Amino acid sequence: MKLRIRIDHRIDASPSLQVTVLLFSLLAGLFTVGMVFAASRVNPFLALWKIFSGSFGSLYGIKETITKAIPLILIGSGLALAFRARFWNIGAESQLLMGAICATWIGLNWGPRLPGPIIIPAMFLAGFLGGALWAMFPALLKVKFGINEVISTLMLNYVAAELLTLLIVGPWKGVTQQGFPYTDDFPASATLPLLYGSRIHYTTLIIAVFACVLLFMLIYSTKFGYELRVIGENIEAARYAGIDFMRNTVIMMLISGGMAGIAGVGEVAGIHHHLTYPQAISSGYGFTAIIVAWLAKLNPIAAIASGLFFAGILVGGDAIQISLGLPAATVQVFNGILLFFLIMGDFFLNNRVILSLERKE
Amino acid sequence: MKFTKIIIAVILVMLLAAAVVFAGGEKETEPVEAKKIKAGFIYVGPIGDYGWSHAHDVGRKYVEGKFPWLETLLVESVPEADSARIIDRFIVEEKCDVVFTTSFGYMDDTVKAGEKYPDKLFMHCSGFKQSENVGTYFAELYQMYYLNGLMAGALTRSNKIGYVGAFPIPEVVRHINAFALGIKDANPDAKVHVRWIFSWYDPSKAKEAAEALVADGCDALAFTEDSPAVIEVGQEHTEKGKPVFTFGHYSPMQQFGVDSVVSGQLVDWGVMYEKILKDIYDGTWSNEDLWWLAAEDAALLGGSFEDKINPKFTDELKAVTVEVPDLGKINVYNLIMKRLDQMNQGTDVFDPFVGPISDNKGKVRIPSGVKASKGQLLSIDYYVDNIVGDVPK
């Protein structure tokens, strides 16, 4: 007897199948995460309960979860757009940093001279442009020279991080910061207001939700979105149909990078109020947002929910550290495993796996 | 009279209420004996980093074992941006009485938390902002760097000594300067070369920088980075027959380079946490800045808690003789022990930062016979005259 595995491409995946596969991937992921907890001698149900009660179970947790979700939603919805076109933008981290750098420049140089209603929009605009321009390079490299965007966007992360470090230890180092590598604090007009009693910089949150809706409409009800989806499904067919691959890719990446840039503005103007080490500015949002986009099935509106979900895991991660003594890396393991299962779920969605037993003659 | 009746009734009710409140108040003050303190610790790195956060966690475990009335909680790898969130969680969700924030970058969030929770205490490590309920503490190691410098100066054959620095902030610059002053006192011809990696914890960058310094001719390396990466480089070269002397940083790192590690700086946060928590328990806590050195037993010499100097290098250090103004001709080993003894008595007996000290541009920074003030040490931004190059600006 011989086990045969046949893999067929599945063309039509019904919405109900999509939901089933998504739920099943999530459950399988959580089950595997539970095994990791069990291996550290922690009751998996208790750990999962602690994570989600730590992030959604109290007013404190909800406020912090929303704060963390803001950059994840912004970047996640931008990445959803890029991934739709099968453009693997792994560089959202650097696009966020470039947004933060540009906003800082505006905030420090123009903040003292201009009132908030002018300076804040200017900072968001500068942040969007910074992220967009940084994302444009890999897009151009891909469409002009066929350079793999995974490599170029990933490598640009390091370039942006080093550039930021250069600025904060060099020309932009603040005179009021006792020799520490931070820029001076932004003037009050260049900082974002917070929701009372929380750290939620609601301006960015409103922009994030608004942008998700716009991106949703862009993808599903414009010619541009249609063309992007065709490019993503079949690049040859897209070329044959006369779709401008170059123009579409570049515009798409300008938007995707710009979204990450806006997230960077929110972080510096809403949370830090000065530019500081790359690791402090971002704490890996650009990478976590990749999972956010996948869990949202590349749907920008769903990215709001999945952004909140992963923000919850990040915030609840503190709770399991404090109460169960698990190491900080647990949260990264958690996220990694979930992404793994979500991508695996996609494989089963796009392919039909047929197992059959064959009797040897 | 109706009116008087009402007045009497009101007075009676008030008396009754006062009695209840008084009795209740008495009840509340009773269970003093069962007083417990819950302390939260926030670390910037992973506790397994073999550096800063690890050393703090050793101190935390020490006090938790010491005081039965103490309960501690910790969160590791907290980005500076997230400290406000963790402080809130400690106070609001976990009901901590005191929170220790152990990274400079947590300063503003700690001070803000002090305003937000006026009946809780906050201790910020390495900062300079105090308030009513926010204190600061720091274990300073520059004296040990000086002693390490004496060893490096005596042992080097190439007269080129390397330093892998984390960030060019005053604390690290001060340590490099103390190291260089020690080198100068043992070997006036040796020069110090610095490479910056712009990270507190990045083993691969530290390794690269160490290799670059060795390739450049350095045969002794000290560093500020929270992993034993530099030591592993030294050990590797030493095993291959090219001795590179290294000095452990913060945690006992001799185990990672038994043939290469000469000594190092060790910190004992435990004694500081013991004092702070005891003061809080006794009600004698104040927000004065605690800046502890060798005399307070916070700064220790060694690459391990057992040996001040790796016994492998004792003979070599005894073979080198130098001349110092106050002690005359003396071998370096004895000089180190003498200086350590003096440092343990206090900075008035001996301190490395006593003039004349010039920077490497020729400008006199500390005049002859004058001891640098704490303020000068905290804002130091120049290299002393046997260091090559400029502090990145």
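Everything in this summary refers to the structure shown in the same document. As a convention, each chain's residues are numbered from 1 in the sequence order in which they are written. Chains carry letters and ligands carry numbers; both start at the beginning, A for chains and 1 for ligands, and go up in the order they are written. At least 70 in pLDDT is required for a residue's local features to be given in this predicted model, at least 80 for side-chain atom pairs to be given and counted, and no such filter applies to totals for whole chains, interfaces and linings, which use all residues. The side-chain quantities take in all heavy atoms of the structure and omit both hydrogens and water.

### Observations concerning the overall build of chain A
The numbering of helices and of strands both runs from the N terminus, where a helix is a DSSP run of H or I of at least 4 residues and a strand a run of E of at least 2. Per the secondary structure count, chain A includes 14 helices and two strands. In this description the radius of gyration comes from C-alpha coordinates, and the expected globular size is given by 2.2 Å times residues to the power 0.38. Rg of the C-alpha trace for chain A: 22 Å, near the compact-globule value of 21 Å for 361 residues, within the 12% margin. Projected onto its principal axes, the C-alpha coordinates of chain A cover approximately 85 × 55 × 35 Å. Exposed residues in this analysis have more than 50% of their type's maximum accessible area, buried residues have under 20%, and partly exposed residues fall in between, with area computed by a 1.4 Å probe over protein chains only. Within chain A, the proportion of its 361 residues that are buried is 54%. Only heavy atoms matter for contacts: two residues are in contact if any of them lie within 4.5 Å across the pair. Sequence-distant contacts in chain A: of pairs separated by 6 or more residues, those separated by 24 or more amount to 78%. Only carbon and sulfur atoms are counted for the fraction: they give 69% of the accessible area of chain A, which is about 16200 Å². On chain A, the mean spot of the 23 positive side-chain charges and the mean spot of the 17 negative ones are 5 Å from each other. Only the protein chains shown count as cover for residues, and the accessible areas themselves come from Shrake-Rupley with a 1.4 Å probe. When charges are counted, Lys and Arg are positive and Asp and Glu negative, with His and the chain ends excluded. For the purpose of locating charges, the reference atoms are NZ of Lys, CZ of Arg, CG of Asp and CD of Glu.

### Details of the environment of asparagine 360 of chain B
Residues and elements named next belong to chain B. In this structure, asparagine 360 sits in the loop between β15 (357-358) and β16 (364-366). Take asparagine 360: its relative accessible area is 23%, and that puts it in the partly exposed class. Along the primary structure asparagine 360 and asparagine 386 are separated by 26 residues, whereas in three dimensions their C-alpha atoms are 6.6 Å apart. The contact partners of asparagine 360, leaving out residues within four places of it in the chain, are Tyr383, Val384, Asp385, Ile387, Val388 and Gly389. Under this definition, polar contacts are N or O atom pairs within 3.5 Å; protein pairs additionally need one hydrogen-donor-capable and one acceptor-capable atom, and for neighbouring residues in sequence, both atoms have to be side-chain atoms. A polar contact of 3.4 Å, which involves the side chain of asparagine 360, links it to the side chain of lysine 361. A distance of 2.8 Å separates a polar atom in the side chain of asparagine 360 from the backbone oxygen of glycine 389.

### What about unusual backbone geometry?
The peptide bond linking glycine 355 of chain B to proline 356 of chain B adopts the cis configuration, its omega dihedral lying at 5°. The topology assignment puts proline 356 of chain B in the loop between α11 (332-345) and β15. Positive phi is not limited to glycine here, since histidine 273 of chain A has a value of about 65°. Mapped onto the fold, histidine 273 of chain A is located in the loop between α10 (245-272) and α11 (278-282). Positive phi outside glycine occurs at lysine 297 of chain A, with the angle close to 55°. Secondary-structure assignment places lysine 297 of chain A in the loop between α12 (285-295) and α13 (302-324). Judged by its relative accessible area of 25%, lysine 297 of chain A is partly exposed.

### What to know about the pairing of strand β10 (residues 261-267) of chain B
Residues and elements named next belong to chain B. Most of β10 is tucked away: seven of the seven residues are buried. Paired strands, as defined in this entry, are two strands with at least two bridges between them according to DSSP. Examined bridge by bridge, strand β9 (residues 245-250) and β10 share five bridges and lie parallel to one another. Of the residues in β10, the one forming a bridge with phenylalanine 247 is serine 263. Bridging between β10 and strand β12 (residues 299-301) involves three bridges; their strand directions are antiparallel. Each residue of the ladder has a partner; that of valine 267, found in β12, is alanine 299.

### Describing the sheet that holds strand β11 (residues 290-292) of chain B
Residues and elements named next belong to chain B. Spatially, six strands are ordered β2-β1-β3-β4-β5-β11 in an open sheet, and the strand pairing comes out parallel. Single-partner strands in this sheet number two, and they are β2 (70-75) and β11. Strand-to-strand twist across the sheet, computed as the mean angle between neighbouring axes with direction ignored, equals 20°. Axis lines are fitted to C-alpha atoms, over the contacting stretch for helices. Their N-to-C directions set the angle, which ranges from 0 to 180 degrees.

### Observations regarding the pattern of salt bridges
Salt bridge, as used here: a side-chain nitrogen of Lys or Arg that lies within 4 Å of a carboxyl oxygen of Asp or Glu. Inspection of every chain in the model, using the stated rule, returns 30 salt bridges over all chains. Here glutamate 162 of chain A and lysine 205 of chain B are joined by a salt bridge, their closest N and O atoms 3.3 Å apart. Here glutamate 162 of chain A, found in helix α6 (residues 149-169), pairs with lysine 205 of chain B, found in helix α7 (residues 203-215), and the two come from separate chains. Residue glutamate 162 of chain A is classed as partly exposed on the basis of its relative accessible area, which comes to 42%. Look at lysine 205 of chain B and you get partly exposed, because its relative accessible area is 24%. With a shortest N-O distance of 3.0 Å, aspartate 88 of chain B and lysine 116 of chain B are connected by a salt bridge. In this pair, aspartate 88 of chain B sits in helix α3 (residues 83-93) while lysine 116 of chain B sits in helix α4 (residues 107-116), placing the two residues 28 residues apart along the sequence. Several salt bridges converge on common partners, so that one network encompasses Lys68 and Asp318 of chain A together with Asp82, Arg85 and Arg89 of chain B.

### Some thoughts on the layout of surface pockets
A volume near 1600 Å³ is recorded for the largest pocket. Around the largest pocket, the lining is made up of 50 residues, and of these Gln279, Ser283, Gly284 and Gln332 of chain A together with Pro79 of chain B lie nearest the centre. Counting only elements with at least two residues in the lining of the largest pocket, the list comes to α4 (92-110), α6, α11, α12, α13 and α14 (330-350) of chain A together with α3 of chain B. Examining the composition of the lining of the largest pocket, we find that six residues originate from one element, α6 of chain A, more than from any other. Throughout, the ten residues Ala, Val, Leu, Ile, Met, Phe, Trp, Tyr, Cys and Pro are labelled nonpolar, Asp, Glu, Lys and Arg are labelled charged, and all others, Gly among them, are labelled polar. Classifying every residue of the lining of the largest pocket by side-chain character gives 23 nonpolar, 15 polar and 12 charged. Approximately 860 Å³ is the volume attributed to the second largest pocket. Of the grid points, spaced at 1 Å and generated over the protein atoms alone, those admitting a 1.4 Å probe that cannot get out make up cavities, while open sets with protein on both sides within 12 Å along at least five of seven lines make up pockets; any residue with an atom within 4 Å of a point is treated as lining. Grid points are joined across faces, edges and corners, and a volume is the space filled by probe spheres set on the points.

### Describing the side chain of lysine 38 of chain B
Residue and element names in this part refer to chain B. Residue position: lysine 38 is located in strand β1 (residues 37-42). Given a relative accessible area of 17%, lysine 38 falls into the buried group. In this structure the side chain of lysine 38 is engaged in a polar contact, spanning 2.8 Å, whose partner is the backbone oxygen of glutamate 94. Lysine 38 has contacts with Glu71, Leu73, Glu94, Lys95, Cys96, Asp97 and Val98, leaving out every residue within four places of it along the chain.

### A short note on empty space enclosed by the protein
Taken as a whole and judged by the stated rule, the model has two cavities of 30 Å³ or more. The space that makes up the largest cavity amounts to roughly 250 Å³. Lining the largest cavity are 20 residues, with Trp52, Ser103, Ile169, Glu171 and Trp200 of chain B positioned closest to its centre. Going through the elements one at a time, α6 (170-186) and β9 of chain B are the ones with two or more residues in the lining of the largest cavity. The residue inventory of the lining of the largest cavity, partitioned by class, reads 10 nonpolar, seven polar and three charged. There is about 50 Å³ of room inside the second largest cavity. Every residue lining the second largest cavity is listed: Thr67, Lys68, Arg199, Glu267, Ile271 and Tyr285 of chain A together with Ala81, Asp82 and Arg85 of chain B. Secondary structure elements with two or more residues in the lining of the second largest cavity: α3 (59-84) and α10 of chain A.

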